[in-house]
Amino acid sequence: MANVKLSELSKYYGKNLAVDNISVEIMEGEFFSLLGPSGCGKSTTLRMIAGFEETEIGSIEIDGVDVSGLLPEQREIGFVFQNYAIFPHMNVYDNIAFGLRLRKLSANEIDSRVRAALEQVGMTGFENRYQKEMSGGQQQRVALARVLVTEPRILLLDEPLSALDKNLREEMKFWIKDLQSSLGITTIYVTHDQGEALTMSDRIAVMNEGRIAQIGTPEEIYEHPTDRFVTEFIGESNILRAKVAAVSDTGCELDIDGQTVSAPVRDGILVSADTILALRPERVLVGEKADKEGWNSFELPIKKVTYQGPFVRFLFALGTQELIAEVANRQDMEKPDPGTKAWVSWQSDSGRIIAE
Amino acid sequence: MSNDHLLASPLHKLGKTGRAWLLATPGIVYFLIFFAVPLAGLFLISFDKPTAGVVEVQWMFRLDNFVRFFTRSLYYEAAIRSAGLAALVSAITLFLGYPLAYVIAKTLNPGRNTLLMILVLCAMQLDMVIRLFGLMVLMGDNGLINEFLRWTGFIGETPLPLMYNFFGVVVGLVQFSLPFMVLSLVGVIQGINPSLEEAARSLGARRWQTFWKITIPMSMPGILAGMLLVFAISFSSYVVPTLMGGWKVVVLPIHIYQQIAELGKWQFGATVAVVMFAISLLSMLVYQRAAAKASGGRA
């Protein structure tokens, strides 16, 4: 078990800056995700930690020791690939024994550890299978067993679920998380899927264009995104153009196309400046007038109603802009028709003013 | 839209596989007339009564020719020499070709990759006889190598025997077959997923361990195909042993030529050819087995 510290890490490919000055410390036993769109530098960062990409600028420390100069085989890191990278010319047993044989352990020791690893991932009985004879999920388990059996100091997972179909992905998500917590192994998980990151992680670093946009717990990332990229990348948000009408210590008033809306205050905003209000669609209530302190409540015309299974999506006209509300699909819910008006309400502090 | 015109066409009645067979027909006919029939003829006359000057089938079945082949050391030793030469050449070509193919395969820059491929293919653009004359200029008794060694004083008047011997034949065959080996290997090496090698490294394997335990086994289909191809080329080569061996390295194709062109003994020439064909089939069988084993028991 180990902690990992990245300091001012950068990576150029030719003139392209793939990783731009990343600094972060990952705690012992932590499940840490690097989340971002493709090309944001998350996989490159992970591959640098593993030693597959050279570290030229900045440093990588594991337990306080700089490993930037070490070869991959010297780092004692377990890496699980997106395509699992099961050796196709070896059966499952030999795949898992690969790392142990390199360590020159006795045959008995290897045998008992391989069997324990197979049991740990629920693959006992698959010893003689080859890669072609296994499903994606089974290969995934073998890939995990193959790295865990060598008792790595940290576990790196590069989009390990993206090749699986949806139901299996859901199942593996919880399975991997449970395995990780029971082992207490420091884990860095790369994904573009916010659902995976939010479900599994202790902390998430949201990455964009080589930089870390925000680091926080899943709740912090979702509830308090600090910039527009994170706001739009994580979950869905209404992005409403507004003008600041009044500012006080406790909150501020915004003018959104003539509609006055109260919102939490943010450092450095000035009266009559243009700004943006971000608001999660699921925080907007429909059909209820909330005449309370700290709430916004208006009657707005409905443009569109879309049935989406677990929830219903309403599109309201808010001046020249649109406001989306998502309402849980309760049996007793009212479904006002498009063209009519309905009350929409949200708690003022669920909106956030974000920097452009 | 109506498909009636299609339904009515006679081609439609053939069905999908039928139409595919129809397309393959010219190739099949060509193969039958110009390969299968002559080969069957060879088979027939190899079991015929040896009669000098007679080409046509006499329908006098006997094993005389085969008995002669396997009882005279002149012939069965030539068979061993031919197979040994071909095996040696395929091994040398592999050792020279693998690193070359590896470099080409791992060159990611598309322009540089194409350039390297062109360099390899360049070697195949000239006729073999012309290339062998080039080798003679280099390796003959008064060739560039011997002249250079004489000039530098490494040797006296007696030249190094580089040609008209086994060594010369090997050099000629390796030169001829190297591009085939490289071509067989490049695609296979390129197809090895880099994450397999990275996975091995991360599990603790050094560079050379990764190479031996992952890269080489994963290249096995290309290695075996290349070796089989080079074996077949070298085993059946007539021109190279003739020009580079100066009739001193007597391999089976030379016997065939002598029996048929010089002695008019078509029946015995055919017998040598049938033995060669059998050895080639055997080597393919060995290849098939080895390939099956290399790819984890399922080829």
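Residues numbered from 1 in each chain as written. Chains lettered and ligands numbered in written order. Predicted model: local features only at pLDDT ≥ 70, side-chain atom pairs only at ≥ 80, totals over all residues.

1. Description of the overall build of chain A
Reasoning step 1: Tallying secondary structure elements over chain A gives 8 helices and 20 strands in all.
Reasoning step 2: Dimensions along the principal axes, computed over C-alpha positions, put chain A at roughly 75 × 50 × 35 Å.
Reasoning step 3: Here chain A holds 356 residues, and 38% of them are scored as buried.
Reasoning step 4: Look at the contacts in chain A between residues 6 or more apart in sequence, and 65% of them connect residues 24 or more apart. (Helix = DSSP H or I, 4+ residues; strand = E, 2+ residues; numbered from the N terminus. Buried ≥ 20, exposed ≤ 12 C-beta atoms within 10 Å, placed from the backbone. Contact = placed C-beta atoms within 7 Å.)

2. Side note on the domain arrangement of chain B
By a widely used convention, the size of an interface equals the accessible area lost when the partners come together.
Reasoning step 1: Taken as a whole, chain B is organised into domain 1 (1-46) and domain 2 (66-294).
Reasoning step 2: A separation of 35 Å is found between the C-alpha centroids of domain 1 of chain B and domain 2 of chain B. (Domains from an automatic or database assignment.)

3. A short note on the domain arrangement of chain A
Residues and elements named next belong to chain A.
Reasoning step 1: The domains assigned to chain A are domain 1 (4-232) and domain 2 (236-354).
Reasoning step 2: Summarising the inter-unit geometry, the C-alpha centres of domain 1 and domain 2 are found 39 Å apart.
Reasoning step 3: With 4 residues of domain 1 at the contact, the number on the domain 2 side is 5 residues.

4. Quick word on the sheet that holds strand β14 (residues 274-279) of chain A
All names here are of chain A.
Reasoning step 1: With antiparallel pairing, 5 strands are arranged side by side in an open sheet as β13-β12-β11-β14-β20. With one partner strand each, in any of the chains shown, β13 (259-263) and β20 (352-354) form the two edges of the open sheet. Between one strand axis and the next, the sheet turns through 45 degrees on average, direction left out of account. (Pairing = 2+ DSSP bridges. Axes fitted to C-alpha atoms, helices over the stretch in contact; angles between N-to-C directions.)

5. A few points about the interface of chain A and chain B
Reasoning step 1: Of the residues lining the interface, 19 residues belong to chain A; the matching set on chain B comes to 18 residues.
Reasoning step 2: Looking at the side of chain A that touches chain B, the elements that each hand over two or more residues are β6 (77-80) and α2 (92-102) of chain A.
Reasoning step 3: Sorting elements by how many residues they give to the side of chain A that touches chain B places α2(A) first, with 3 residues.
Reasoning step 4: Counted by class, the side of chain A that touches chain B contains 12 nonpolar, 4 polar and 3 charged residues. (Nonpolar A, V, L, I, M, F, W, Y, C, P; charged D, E, K, R; others polar.)

6. Here's the deal with the packing of helix α7 (residues 128-139) of chain B against helix α9 (residues 166-190) of chain B
Residues and elements named next belong to chain B.
Reasoning step 1: Running from amino to carboxyl end, α7 crosses α9 at an angle of 135 degrees, the nearest separation of the two axes being 11 Å. By the criterion of interaxial angle, the relationship of α7 to α9 is oblique. As for how α7 packs across α9, the hand of that crossing is right-handed. Contact with α7, carried on its side by M128, R131, L132, L135 and M139, involves G168, V171, G172, Q175 and F176 of α9 and no other residues of that element. (Parallel < 35°, antiparallel > 145°, perpendicular 65-115°, else oblique. Left-handed = near helix turned anticlockwise from the far one by under 90°.)

7. Here's the deal with the environment of B:F211
All names here are of chain B.
Reasoning step 1: Position of F211 relative to the elements: it lies in helix α11 (residues 207-236).
Reasoning step 2: For F211, a count of 15 C-beta atoms within 10 Å gives the class partly exposed.
Reasoning step 3: Taking the C-alpha atoms as reference points, F211 and L116, 95 residues apart in sequence, are found 22 Å from one another.

8. Observations regarding the nonpolar core
For soluble globular proteins, the rule of thumb is that nonpolar side chains tend to be buried together.
All names here are of chain A.
Reasoning step 1: Membership of the largest hydrophobic core comes to 76 residues, with the highest contact counts inside it found for I49, I96, A145, L156, I188 and V206.
Reasoning step 2: Sorting elements by how many residues they give to this core places helix α4 (residues 136-148) first, with 6 residues.
Reasoning step 3: Excluding residues within four positions of it along the chain, L156 makes contact with L46, I49, A50, I77, G78, F79 and I188. (Core = buried A, V, L, I, M, F, W, Y, C linked by C-beta atoms within 7 Å.)

9. Thoughts on helix α6 (residues 110-122) of chain B
Three- or four-residue spacings in an α-helix give side chains the same orientation, since the helix completes a turn every 3.6 residues.
Reasoning step 1: Its 13 residues place the ends of α6(B) 18 Å apart at the C-alpha level, agreeing with the 18 Å of an ideal helix rising 1.5 Å per residue.
Reasoning step 2: Here α6(B) lies mainly on the outside; 0 of its 13 residues are buried. (Expected span 1.5 Å × (residues − 1).)

10. With respect to unusual backbone geometry
Residue and element names in this part refer to chain A.
Reasoning step 1: Phi at D257 is positive, roughly 45 degrees, even though this residue is not glycine.
Reasoning step 2: Mapped onto the elements of the fold, D257 is located in the loop between β12 (252-256) and β13.
Reasoning step 3: Residue classification places D257 among the partly exposed positions, given that 13 C-beta atoms sit within 10 Å.
Reasoning step 4: For S272, which is not glycine, the phi torsion reads 70 degrees and is therefore positive.
Reasoning step 5: By secondary structure assignment, the location of S272 is in the loop between β13 and β14.
Reasoning step 6: Judged by local crowding, S272 falls into the exposed class, with 9 C-beta atoms found within 10 Å.

11. What about the environment of B:Y75?
All names here are of chain B.
Reasoning step 1: Structurally, Y75 is set in helix α5 (residues 73-106).
Reasoning step 2: Residue Y75 is classed as partly exposed on the basis of its C-beta count, with 19 C-beta atoms lying within 10 Å.
Reasoning step 3: As for Y75 and A232, which are separated by 157 residues in sequence, their C-alpha atoms are 19 Å apart.
Reasoning step 4: If we skip the residues at most four places from it in the chain, Y75 touches F69 and H255.

12. Description of the sheet that holds strand β1 (residues 4-13) of chain A
Residues and elements named next belong to chain A.
Reasoning step 1: Strand order across the open sheet formed by 4 strands is β2-β1-β4-β5, with antiparallel pairing between neighbours. Looking at which strands have only one partner, the edges of the open sheet turn out to be β2 (16-26) and β5 (65-66).
Reasoning step 2: Bridge analysis of β1 against strand β4 (residues 57-62) gives 5 bridges, and the strand direction is antiparallel. Residue V4 lies in a different strand from β4, and its bridge partner there is I62.
Reasoning step 3: Of the strands in this sheet, β1, β2 and β4 are in contact with helix α1 (residues 42-50), which crosses β1 at around 115 degrees.

13. Examining the environment of A:P281
All names here are of chain A.
Reasoning step 1: In this fold, P281 is placed in the loop between β14 and β15 (285-286).
Reasoning step 2: You can call P281 partly exposed: it has 19 C-beta atoms within 10 Å.
Reasoning step 3: Between the alpha carbons of P281 and T340 there is a distance of 20 Å; along the sequence they are 59 residues apart.

14. Observations regarding the pairing of β13(A)
Residue and element names in this part refer to chain A.
Reasoning step 1: Bridge analysis of β12 against β13 gives 5 bridges, and the strand direction is antiparallel. Within the sheet, the bridge partner assigned to I256 lies in β13 and is Q259.
Reasoning step 2: From the end of β12 to the start of β13, which pair antiparallel, there are 2 residues, and D257 there has a positive phi angle of about 45 degrees.

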